[in-house]
Amino acid sequence: MSPRPTHPVQRCGYGPPLTKLLLSELRATVTPAQAGVPVTFFVSGLPVGTAVTNAAGVATLNAGLSILQISASSYTATATVGGVPVQATGTLRPCFPPA
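What comes next is a walk through the structure. (Residues numbered from 1 in each chain as written. Predicted model: local features only at pLDDT ≥ 70, side-chain atom pairs only at ≥ 80, totals over all residues. Heavy atoms only, no water.)

## Describing unusual backbone geometry
Turning to step 1, where the next piece is worked out: Going from T31 to P32, the amide bond is cis rather than trans, its omega being -5 degrees.
Turning to step 2, where the next piece is worked out: Along the chain, P32 turns up in the loop between β2 (22–31) and β3 (38–43).
Turning to step 3, where the next piece is worked out: Despite not being glycine, S44 shows a phi value in the positive range, around 55 degrees.
Turning to step 4, where the next piece is worked out: The exposure class assigned to S44 is exposed, which follows from its relative accessible area of 55%.
Turning to step 5, where the next piece is worked out: For S73, which is not glycine, the phi torsion reads 75 degrees and is therefore positive.
Turning to step 6, where the next piece is worked out: Here S73 is to be found in the loop between α1 (67–70) and β6 (74–81).
Turning to step 7, where the next piece is worked out: Given a relative accessible area of 41%, S73 falls into the partly exposed group. (Helix = DSSP H or I, 4+ residues; strand = E, 2+ residues; numbered from the N terminus. Buried < 20%, exposed > 50% of the residue type's maximum accessible area, 1.4 Å probe, protein only.)

As structure tokens, this is what we get:
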């Protein structure tokens, strides 16, 4: 099986009121597990950040996303493992701040 980011996961939180950003924890797991692999996360085709995999192959990015970015409904994680470019798509859950 080719190595690939799998199991994208998003967790939601809220940033300071003046930033109007929603704090999201984006995750991707490279399988088989390999430490030190840079994984870039994209929302609406634009990069929102890069995280490096740990020993379990998990890359975690804490990103401040706008309501428009969250409403895109998905994100993509990309990596190059052993010279092979791989990617996976995860779902962005609505996590709007309470009224």
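There's more to say after this.
## Focus on the nonpolar core
Turning to step 1, where the next piece is worked out: Ranked by internal contacts, the top residues of the largest apolar core, which has 20 residues, are V39, F41, L65, Y75, A79, V81 and L92.
Turning to step 2, where the next piece is worked out: When contributions to this core are tallied by element, the ones reaching two or more residues are β2, β3, β5 (58–65) and β6.
Turning to step 3, where the next piece is worked out: In this structure, V39 is in contact with A28, V30, G49, T50, A51, T53, A59, A77, T78 and A79, ignoring residues within four places of it in sequence. (Core = buried A, V, L, I, M, F, W, Y, C linked by side-chain atoms within 4.5 Å. Contact = heavy atoms within 4.5 Å.)

## Quick look at the sheet that holds β3
Turning to step 1, where the next piece is worked out: Pairing is antiparallel in the open sheet, where four strands are placed in the order β4-β3-β6-β7. Each having just a single partner strand, β4 (46–52) and β7 (84–91) make up the two edges of the open sheet. In this sheet, neighbouring strand axes are inclined to one another by 25 degrees on average, regardless of whether the strands run parallel or antiparallel.
Turning to step 2, where the next piece is worked out: As paired elements, β3 and β4 share six bridges and run antiparallel to each other. Paired with F41 across the strands is G49, a residue of β4. (Pairing = 2+ DSSP bridges. Axes fitted to C-alpha atoms, helices over the stretch in contact; angles between N-to-C directions.)

## Thoughts on the pattern of salt bridges
Pairing of side chains with opposite charge becomes possible as their charged atoms draw close.
Turning to step 1, where the next piece is worked out: Scanning all chains against the criterion turns up one salt bridge.
Turning to step 2, where the next piece is worked out: Note that E25 is salt-bridged to R27, the shortest N-O span being 3.1 Å. (Salt bridge = Lys/Arg side-chain N within 4 Å of Asp/Glu carboxyl O.)

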